[in-house]
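# Report on the structure
Listed below are the residues making up each chain.
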Amino acid sequence: MSDDTSAAIRDTRKDWVVEHRDMYLSSGGAQGHIMDITPVGGRSFATHCLVKYVGRKSGKVFITPLCYADIGGEVVICASKGGADHHPAWYLNIREAETVDFQIATQAFRATWREPEGAERDKVWAFLTDCHPFYATYQQSTDRVIPLVMLKAIEPIPVFKAEDATGTRQF
């Protein structure tokens, strides 16, 4: 998918993403974890987490809502950017960090991260696309291999608050 097409999709979803993140944060995670995303090709009972990370260039803190799945005790998130031809900024920022913070519903954690490879990646990709079928469509839209990131919780941390974010990036 071209960057122009990806930008058009992001523009149509921008308000929804901001509203989703704000609802998740303002409720302390009581709302926003489970969302009906059938209008964008997802499921009616789709799971979402928040990922908090530091910008590698700006040093600002960003919080991004993402679909996730849990496989083997790890949380998997997908750097799809809607099938764009380049990786999302959140993924590039996470790659520069040793740990990443994430929140699922009303619980937040510091985590290590890794990218599955080979047969493990194939297994995780199959599971993720079963949970969230639109990721398979996104992969068909681009020549890049869409990265998967596995998060392994290492310690609980306080739930995220809107004031934790000093940046406003959505994707």
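Relevant structure appears above.
Our subject in this report is the structure included herewith.

Parameters at a glance
Residues numbered from 1 in each chain as written. Predicted model: local features only at pLDDT ≥ 70, side-chain atom pairs only at ≥ 80, totals over all residues. Heavy atoms only, no water. Core = buried A, V, L, I, M, F, W, Y, C linked by side-chain atoms within 4.5 Å. Buried < 20%, exposed > 50% of the residue type's maximum accessible area, 1.4 Å probe, protein only. Helix = DSSP H or I, 4+ residues; strand = E, 2+ residues; numbered from the N terminus. Contact = heavy atoms within 4.5 Å. Salt bridge = Lys/Arg side-chain N within 4 Å of Asp/Glu carboxyl O.

## Things to note about the nonpolar core
Ranked by internal contacts, the top residues of the largest apolar core, which has 19 residues, are C49, V51, V75, I77, W90, I104 and L151. Elements that contribute at least two residues to this core include exactly strand 2 (46-54), strand 3 (61-67), strand 5 (74-78), helix 2 (89-94), strand 6 (99-104) and strand 8 (148-157). Leave out the neighbours within four places in its chain, and V51 touches F62, I63, T64, L66, I77, I94, V100, D101, F102 and F160. Formed by 17 residues, the second largest nonpolar core is a distinct cluster that contains A69, W125, L128 and F134.

## Structural notes on the pattern of salt bridges
Applying the stated rule across the entire model yields 6 salt bridges. Salt-bridge contacts for R114 lead to E74; the nearest nitrogen and oxygen are separated by 2.8 Å. Pair noted here: R114 is in strand 7 (residues 107-114) and E74 is in strand 5, with a separation of 40 residues, a long-range link. Residue classification places R114 among the partly exposed positions, given a relative accessible area of 29%. Put simply, R110 and D101 hold a salt bridge, and the shortest N to O gap is 2.8 Å. Here the salt bridges share partners, and the residues they tie into one network are E74, R114 and E120.

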